[in-house]
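Here is how the chains run, residue by residue.
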Amino acid sequence: AQLDTLDIIVLAALLVGTVAYFTKGTYWAVYGDPYGNSLANGNGAAKAGKSRNIIEKLEETDKNCVVFYGSQTGTAEDYASRLAKEGHSRFGLNTIVADLEDYDYENLDKFPDDKLAVFVLATYGEGEPTDNAVEFYEFLGSDDVSFSDGQSVDDKPLSNLKYVAFGLGNNTYEHYNSMVRNVDTYLTKLGATRLGSAGEGDDGAGTMEEDFLAWKEPMWADVAEKMGLEEREAVYEAVFEITEKPDLSAEDDTVYVGEPNKNHLEGSQKGPFNANNPFIAPIDESKELFTVKNRNCLHMEIDIAGSNLSYTTGDHIAVWPTNAGKEVDRFLSILGLNPKRHTVIAVKGLDPTAKVPFPSPTTYDAAVRYHMEICAPVSRQLVSTIAPFAPNDQIKAEMTKLGSEKDYFQEKVTHRNLNLAQLLEIESNGEAWSKVPFSLFIEGLVKIQPRYYSISSSSYVQKDKIAITAVVESIENPGNPHVLKGVTTNYLLALKQKQHGDPSPDPHGLNYAITGPRNKYDGIHVPVHVRHSNFKLPSDPSKPIIMIGPGTGVAPFRGFVQERAAQAKAGQNVGKTVLFFGCRKKSEDFIYQDEWDQYKEALGDNFVMHTAFSRDGPNKVYVQHQIEESADEINKLLEQKAYIYVCGDAANMAREVNTILGKIIAKHRNVPETKGEEIVKAMRASNQYQEDVW
Ligand code: FAD
């Protein structure tokens, strides 16, 4: 309750016109054109020939606060830039935002004691660091970590370093927020001093944003006190300068109309393809695995031949989405930008270290359609920031109230699943919000994120074709006049409709720009890259495996079973292959039903499938029940060192399976339940138990 009160007080203060934004000198950027060839070959400072020395960087740019982020989906990055802006506008800190992978850490022992380091760290999957934080994490946690002065841990080499930390996690995972917890422990052990408490946001409880808001106020108070900073009245200062270019046309070949980088702009796409440089891949095949009422599930085969991309069974494919035309139109209209949506704009950081999140010059239309996450849930802090620019005082007052009252905001915005443009439309009754600087949206909205899919094919069977199995997100909410349409899955659905020449290719009036910028995606293409995972079959196929994957959680297991069936056909010795699958109704959403029979032919009795249909009988049956019923078989297989895999819903299913396994082991091996839990833990640690959950 105390935090809530503080939260409200400080937010109220913000709203008297002290909106938190910084100006000059806040983001670390790759100088020059970050979307040029250098970026296509990898990310960051080193590849662009820039210094990896953060101490030098801070001195060169005259900063006294660095906000590091370890981010996978963009939220941690967003929080980092919000903290940087706020640190500057409210406390006069000269801040810089830094991607953890762009720096080296051996010289952290030289971090000046009058400066501040902020760490915003997401935990990914099984308590792992995000991709961009792996090196940092391994460096800091290493037993023989050594710094530039050669001091050992006992010398407390980081005793000059002052820091604060916030973690982004999900309490449905076992290793909740382990990234921030471990980094905090390592830093403390190395002698660094944390100002204030380390914050933890919980995505599992859906309170991430509120946890963040509640953490940062006491944190700022501590930082201000310990660093002798005085709070000042903050006014919005734009981070980016947007210059309209009437001399340029959207048709000019120097203008980005959605191309992700320079390679793509200049015509032929060039590899290596990765998280900064997608491959525009042909979709070979697409179909709906089921279609019932408001639910449907897609299967797509994506061709990566000739791209030099490769995958192994169990990896993820990332799909780069495009926003629905309907939402792009809504966004541009409510901002009053519709008449000039195709006007060419140059976007530039007002400070050389400000990183423009998309290539420029571009158009308003392209920036919104291809680069900004406009459909996501609205942040309460952003509502406060926009309030002063409302069309009139009455709307401003209402926006101010929404921004400052947590419960009111929940009721009016969060629970209704509104996106930003929908909220603005409702609040102004359709009147345009033409006073809001466009820079504020670039700062306040997250860069659009590629979505991951567990690859549902085997690389042993089809190395050049990646299969995706995805349920199309469509959520009706009684309080919301709009149906919430998942950005990526509805884009994929539209691609599928187009491929099949559906006469009404756009099923929900969403109207996607299917052919992409300059028709470069024509002929049914989708931008993708591959992310390698640790979710892997045993290298020896004779080892038994148990797979638990209800719903789309079965995706990677289709790949696993496809692989083992092919290995069996090729005469290899394939071990017991047990699959637990669950869905609502056998006749409705039992995906790949016919295929399982074929795999059974190849694998014989070594393939056992247990199914649970939650809506077929009088009682709801889930995979958890089937597992309990097969307890004896499972325990025996585990004793034979079977690998066990769980994929799908992290919130409930995966956690319950974990608990049930502990109990099964305890019961069948006649040991206490705590021992059963320990055995499960040990199985996880040794990779005998693997999860791919989301
Ligand atoms: P989004 O637009 O991202 O929306 C997703 C959800 O966010 C919505 O359902 C809603 O709950 C919430 N949301 C969005 N906007 C709002 C708003 N304005 N207000 C309130 N709530 C909102 N999915 C599969 O189907 N198959 C797979 O094999 C698969 N594998 C995955 C593997 C990994 C490692 C991960 C991380 C995820 C995987 N997913 C998989 C999930 C997938 O990445 C996507 O999250 C999913 O398809 C939804 O994407 P979308 O863009 O369609 O929906």
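Counting of residues starts from 1 at the beginning of each chain's written sequence and follows it residue by residue. Two thresholds apply to this predicted model, a pLDDT of at least 70 for residue-level local features and 80 or more for giving and counting side-chain atom pairs, whereas whole-chain, interface and lining totals are computed over all residues. As a rule here, side-chain values come from all non-hydrogen atoms in the structure, and water together with hydrogens is ignored.

Here we look at the overall build of the protein chain
So, step 1. Each helix and strand in the protein chain was counted, giving 24 helices and 23 strands.
So, step 2. What you see for the protein chain is a C-alpha radius of gyration of 26 Å, in line with the 26 Å of a compact globule of 694 residues.
So, step 3. For the protein chain, contacts bridging at least 24 residues in sequence account for 79% of all contacts bridging at least 6.
So, step 4. Only the protein chains shown count as cover for residues, and the accessible areas themselves come from Shrake-Rupley with a 1.4 Å probe. Taken as a whole, the protein chain presents about 27800 Å² of accessible surface, with 47% of it coming from carbon and sulfur.
So, step 5. Counted charges follow a simple rule, with Lys and Arg positive, Asp and Glu negative, and His plus the chain ends left uncounted. Throughout, a charge is located at the NZ atom of Lys, the CZ atom of Arg, the CG atom of Asp or the CD atom of Glu. Side chains of the protein chain give 70 positive and 99 negative charges; the mean places of these two sets differ by 3 Å. In this description a helix means any DSSP run of H or I spanning at least four residues, a strand means any run of E spanning at least two, and both kinds are numbered starting from the N terminus. For this measure, only C-alpha atoms enter the radius of gyration; the expected value for a globule follows 2.2 Å times N^0.38, where N is the number of residues. Pairs of residues are marked as contacts when any of their non-hydrogen atoms sit within 4.5 Å.

Quick notes on the sheet that holds strand β18 (residues 525-531)
So, step 1. Reading across from one edge, β14-β11-β18-β9-β10-β15 is the order of the six strands in this open sheet, with antiparallel pairing throughout. Strands with a single pairing partner mark the edges of an open sheet, and in this sheet they are β14 (451-454) and β15 (465-471). Taking each pair of neighbouring strands and ignoring which way they run, the sheet shows an average axis angle of 40°.
So, step 2. Pairs of strands are assigned from DSSP output, requiring at least two bridges between the strands. Bridging between strand β9 (residues 279-292) and β18 involves four bridges; their strand directions are antiparallel. Residue pairing for β18: alanine 281 is matched across the bridge by valine 526.
So, step 3. Throughout, an axis means a line fitted to C-alpha atoms (over the contacting stretch in the case of helices), and angles, computed between N-to-C directions, take values from 0 to 180 degrees. Most of the contacts of helix α17 (residues 487-499) go to β9, to which it runs at about 90°, and overall it touches β9, β10 (295-303), β11 (316-319), β14, β15 and β18.

Structural notes on the pairing of strand β12 (residues 344-349)
So, step 1. Categorising residues by exposure relies on relative accessible area from a 1.4 Å probe, with only protein chains included: less than 20% of the type maximum marks a residue as buried, more than 50% marks it as exposed, and the intermediate range marks it as partly exposed. Counting buried residues along β12, five of its six residues qualify, which places the element largely inside the surrounding structure.
So, step 2. Here five bridges tie strand β8 (residues 240-244) to β12, and the two strands are oriented antiparallel to one another. Within β12, the position partnered with isoleucine 242 by the bridge is valine 347.
So, step 3. With two bridges joining them, β12 and strand β13 (residues 362-363) adopt antiparallel strand pairing. Across the sheet, the residue bridging to valine 344 is threonine 363, located in β13.

Description of unusual backbone geometry
Among all residues except glycine, the phi angle is most often negative; among peptide bonds, the trans geometry is most common.
So, step 1. Between glycine 271 and the following residue, proline 272, the backbone shows a cis peptide bond with an omega angle of -5°.
So, step 2. At the junction of serine 360 and proline 361, the peptide bond is cis and its omega measures out at 0° in the coordinates.
So, step 3. One can find proline 361 in the loop between β12 and β13.

A look at the domain arrangement of the protein chain
So, step 1. Per the annotation, domain bounds derive from an automatic or database assignment of domains. The domains assigned to the protein chain are domain 1 (2-227) and domain 2 (545-693).
So, step 2. Contacts between domain 1 and domain 2 engage five residues on the former and seven residues on the latter.
So, step 3. By buried area we mean how much accessible surface two parts lose on assembly, using a 1.4 Å probe and totalling the loss over both. Both faces combined, the contact of domain 1 with domain 2 buries some 560 Å², and carbon together with sulfur accounts for 42% of it.
So, step 4. On the domain 1 side of the contact with domain 2, Glu126, Thr172 and Glu174 bury the most area, a combined 74% of that side's loss.
So, step 5. Two N or O atoms count as a polar contact when they lie within 3.5 Å, although within protein this holds only if one can serve as hydrogen donor and the other as acceptor, and sequence-adjacent residues are included solely when both atoms are side-chain atoms. There are two residue pairs in polar contact (both at pLDDT 80 or more) connecting domain 1 and domain 2.
So, step 6. The residue inventory of the side of domain 1 that touches domain 2, partitioned by class, reads one nonpolar, two polar and two charged. Put simply, Ala, Val, Leu, Ile, Met, Phe, Trp, Tyr, Cys and Pro go in the nonpolar bin, Asp, Glu, Lys and Arg in the charged bin, and everything else, Gly too, in the polar bin.

With respect to the packing of helix α10 (residues 325-334) against helix α11 (residues 364-371)
So, step 1. Contact geometry for α10 and α11: axes closest at 10 Å, N-to-C directions at 130°. Between α10 and α11, the crossing angle belongs to the class labelled oblique. The interaxial crossing formed by α10 with α11 has right-handed handedness. Contacts between α10 and α11 pair Gly325, Val328, Phe331 and Leu332 from the former with Tyr364, Asp365, Val368 and Arg369 from the latter. In what follows, roughly perpendicular refers to angles from 65 to 115 degrees, roughly parallel to angles under 35, roughly antiparallel to angles over 145, and oblique to any angle outside these ranges. Crossing handedness is defined as follows: a turn of the near helix away from the far one that is anticlockwise and smaller than a right angle gives a left-handed crossing, while the clockwise case is right-handed.

Comments concerning the sheet that holds β13
So, step 1. Across the sheet, three strands lie side by side as β8-β12-β13; this open sheet has antiparallel pairing. Of all strands in the sheet, those bounded by a partner on one side alone are β8 and β13.

Points about the pairing of strand β19 (residues 545-548)
So, step 1. Burial along β19 is two-sided: Ile545 and Met547 and Ile546 and Ile548, pointing in opposite directions, are all buried.
So, step 2. In this structure, β19 lies alongside strand β20 (residues 577-583), joined through four bridges in parallel fashion. Within β20, the residue paired with isoleucine 545 across the bridge is threonine 577.
So, step 3. For a crossover, the right-handed case is the one in which the path from the first strand over the helix to the second runs clockwise, viewed with the strands pointing away from the viewer. Handedness of the β19-helix α18 (residues 555-569)-β20 crossover: right-handed.
So, step 4. Bridging between β19 and strand β22 (residues 643-648) involves four bridges; their strand directions are parallel. When the bridges of β22 are listed, isoleucine 546 appears paired with isoleucine 644.

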